Amino acid sequence: MASLNDIRSTFLDYFRRQGHAVVDSSPLVPRNDPTLMFTNSGMVQFKNVFTGLEHRPYNRATTSQKCVRAGGKHNDLDNVGYTARHHTFFEMLGNFSFGDYFKTEAIPFAWELLTKDFGIDKTRLLTTVYHTDDEAFEIWRKVGVPEDRIIRIATDDNFWRMGPTGPCGPCTEIFYDHGDHIWGGPPGSKDEDGDRFIEIWNVVFMQNEQFEDGTLRPLEMQSIDTGMGLERIGALLQGKHDNYDTDLMRGLIEASANVTDGAPDGPGKTHHRVIADHLRSTAFLIADGVMPSNEGRGYVLRRIMRRAMRHAHMLGAQDPVMFKLVPALVRAMGGHYTELKTAEALIAETLRLEETRFRTTLDRGLKLLDAELEKIADNTDLPGEAAFKLYDTYGFPLDLTQDALREKGRGVDTRGFEAAMAEQKAKARASWAGSGDTANQAIWFELAEKHGGSEFLGYDTETAEGQV
Ligand code: ATP
Ligand code: MG
Ligand code: MG
Ligand code: MG
């Protein structure tokens, strides 16, 4: 059986043979790009090449790009543990043309790799095109896809954007039908969110640029940007439906079970999946220089770490455990991503410290949560005040509370949460207004906004998202 590491190599080799330069993944923190919190796709490092601002010594490239989708336009944090196909950290395999080949080559490349080199059953594949893109429809037909398996989609699902601005364009996506024993409908149908038809590859025809004022202008050159999730194609090639059943993810899930309940497929299954996923995003983010903090990128990392820690707690872990999983991850992925090896000690130590710190309040916070739930009727949302107390006193990021409640089929009154937050900020301002020390006051507020209140737990839940 081909491992994920083998499949990555097969992909890169295929495109190398087609004249593509094999380029390293760029870091998860985009260079000089304030519009984006984390690298969320393969095209990010080539953004300025598509617009013509930057030139590279090649006009075809292929990469396996580290991606994190835990905020902003593409946010999969809440999907993790619940769908078969989403991670917060994943690897995106891609091939790129910078003003070189376009649709007529890009589609046959993808088809050949999938059906010949990877040997995937053609009759299980279907494709989508942007509703007005007759050209792409025609190319798929010529390649041999029956017309009733080429679906025209009018929504933004077939017009790819990295974020609010930047190069973008119509796209064509390739889906695999895992069979009618799994719930879900074909793309464009009302059940498309199910996991029966899984999107494996997105081929974007880069021909526009989106600007902040809403205008969409044509780019000077026509380019190609594609992205295929390694874990998704890996699942398929390993005869699995679920990304988490691939060799690599399975190894991490077993490692998680070994340090907790010993049962990877027992009642704690979802917890193990979340832990395995969040371990990867945490480790790769730290390796790329992000540290847990109370604002911006660091706060997203902290949220991911604390979520994982709550799941470990649910599995009965009494002491910090996340750091014990680092060696398994380094074994699995450190061969290709050597930065993991370099940062191994830092990753483990950061996890251990954060978990030690969070444990002092986690237990009490969860008890408070249960007590608050006792007070209210079934099926009602947790009052915002309570969620705010968990946040402010116990260091529970709002999304962690939401994640905990979701298991119980409940939600949070987020408006109430925001109101409680606003009230506390106003109170802090008012009490300082009395001191009359205006110069110091300005500095204090700046620091408070930046670092959070007395407990240093952070106010930046919204800013963290809003930046993207
Ligand atoms: P989906 O609709 O399943 O959420 P997407 O349309 O958001 O996927 P794209 O932005 O088109 O995904 O990204 C290109 C490819 O990257 C997808 O076709 C998929 O194979 C992979 N991918 C996207 N998001 C994830 C994720 N959260 N985890 C793993 N793989 C992903
Ligand atoms: Mg998505
Ligand atoms: Mg999609
Ligand atoms: Mg897509």
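Every value quoted in this text rests on a predicted model; they were computed, and no experiment measured them.

(A) Quick look at the nonpolar core. In this structure, Leu114, Trp201, Leu340 and Ile347 are the most contacted members of the largest nonpolar core, which totals 107 residues. Not counting the four nearest positions on each side in its chain, isoleucine 347 is found in contact with Ala283, Ile286, Ala287, Val326 and Leu340. By size, the runner-up hydrophobic cluster in this structure holds 16 residues, among which are Leu36, Val44, Phe46 and Tyr58.

(B) Spotlight on the pattern of salt bridges. For the structure on display, the rule yields 34 salt bridges. Across the salt bridge formed by arginine 280 and glutamate 231, the nearest N and O atoms sit 2.9 Å from each other. Residue arginine 280 is found in helix α7 (residues 269-287), and its partner glutamate 231 is found in helix α5 (residues 230-237); the two are separated by 49 residues along the sequence. We note that arginine 280, like glutamate 231, is buried. One salt bridge in this structure joins arginine 357 and glutamate 354, with 3.9 Å as the shortest N-O distance.

(C) Structural view of the packing of helix α1 (residues 4-17) against helix α3 (residues 103-117). At their nearest, the axes of α1 and α3 sit 11 Å apart, and the two run at 130° to each other. In terms of orientation, α1 and α3 fall into the oblique class. For the element pair α1 and α3, the recorded crossing hand is right-handed. Here α1 contributes Phe11, Tyr14, Phe15 and Arg17 to the contact with α3, which in turn contributes Phe109, Glu112, Leu113 and Asp117. For the contact of α1 with α3, the per-class residue count stands at five nonpolar, no polar and three charged.

(D) Layout of the site of ligand 1. Neighbouring residues of ligand 1: 18 residues in total, closest Asp76, His86, Glu199, Asn202 and Gly229. A distance of 2.9 Å is found between an oxygen atom of ligand 1 and a side-chain nitrogen or oxygen belonging to arginine 69. Residue glutamate 199 places a side-chain N or O atom 2.8 Å away from an oxygen atom belonging to ligand 1. Elements with a minimum of two residues in the shell around ligand 1: β3 (89-97), β8 (197-210) and β9 (216-229).

(E) Main features of unusual backbone geometry. The phi torsion at asparagine 379 lies on the positive side, around 65°, for a residue other than glycine. By the element assignment, asparagine 379 lies in the loop between α11 (344-375) and α12 (384-394).

(F) Up close: α1. Between its terminal C-alpha atoms α1 stretches 20 Å, which fits the 20 Å expected from 14 residues at 1.5 Å a residue. Those residues of α1 that fall on the buried side of the exposure criterion are Leu4, Ile7, Arg8, Phe11, Leu12, Tyr14 and Phe15. Relative to the axis of α1, the buried residues are bounded by an arc of 155° and lie together on one face. Taken from the residues just after α1, glycine 19 is the one with a positive phi, measuring 85°.

(G) Representation of the coordination of the magnesium ion (ligand 4) in the model. All of the protein donors around the magnesium ion (ligand 4) are Glu173 (OE) and Glu199 (OE); their distances to the metal are 1.9 to 2.2 Å. Between the two metals, the magnesium ion (ligand 4) and the magnesium ion (ligand 3), the spacing is 3.3 Å, and glutamate 199 donates to both. Taken as a pair, glutamate 173 in strand β7 (residues 166-177) and glutamate 199 in strand β8 lie far apart in primary sequence, 26 residues in all. Accessibility expressed as a relative area gives 25% for glutamate 199, which makes it partly exposed.

About the cut-offs
All residue numbers refer to position in the chain's written sequence, counted from 1. All chains are assigned letters beginning at A, and all ligands numbers beginning at 1, according to the order in which they are written. Local features are withheld for residues below a pLDDT of 70 in this predicted model, meaning they are given only at 70 or higher, and side-chain atom pairs are given and counted only at 80 or more; totals for whole chains, interfaces and linings count all residues. Processing note: side-chain calculations cover all non-hydrogen atoms of the structure and skip hydrogens and water entirely. For this analysis, a nonpolar core means a set of buried residues of the types Ala, Val, Leu, Ile, Met, Phe, Trp, Tyr and Cys, connected via side-chain atoms within 4.5 Å. Buried, partly exposed and exposed residues are distinguished by accessible area as a fraction of the type maximum, computed with a 1.4 Å probe on protein chains only: under 20%, between the cut-offs, and over 50%, respectively. Contacts between residues were defined by any pair of non-hydrogen atoms, one from each residue, lying within 4.5 Å. Salt bridge, as used here, is a side-chain nitrogen of Lys or Arg placed within 4 Å of a carboxyl oxygen of Asp or Glu. Strands are runs of DSSP state E lasting at least two residues, helices are runs of H or I lasting at least four, and both sets are numbered from the N terminus onward. Every axis corresponds to a line fitted to the C-alpha atoms, with the helix fit spanning only the stretch in contact, and the corresponding angles, defined between N-to-C directions, vary from 0 to 180 degrees. Note on angle classes: values under 35 degrees are labelled roughly parallel, values over 145 roughly antiparallel, values of 65 to 115 roughly perpendicular, and the remainder oblique. Two helices that cross are described as forming a left-handed crossing if the nearer one is turned anticlockwise from the farther one by less than a right angle, and a right-handed crossing if clockwise. Ten residues, namely Ala, Val, Leu, Ile, Met, Phe, Trp, Tyr, Cys and Pro, are considered nonpolar, four, namely Asp, Glu, Lys and Arg, are considered charged, and the remaining ones, Gly among them, are considered polar. It suffices for a single heavy atom of a residue to lie within 4 Å of a molecule or strand for the residue to be listed as near it. Two N or O atoms count as a polar contact when they lie within 3.5 Å, although within protein this holds only if one can serve as hydrogen donor and the other as acceptor, and sequence-adjacent residues are included solely when both atoms are side-chain atoms. In this scheme, a helix's expected span is set at 1.5 Å multiplied by one less than its residue total. Here the arc refers to the set of directions running from the helix axis out to each C-beta atom. Metal donors: N, O and S atoms at distances within 2.8 Å, or within 3.2 Å for Na, K and Ca, with water omitted from the atom set so that some sites may seem incomplete.

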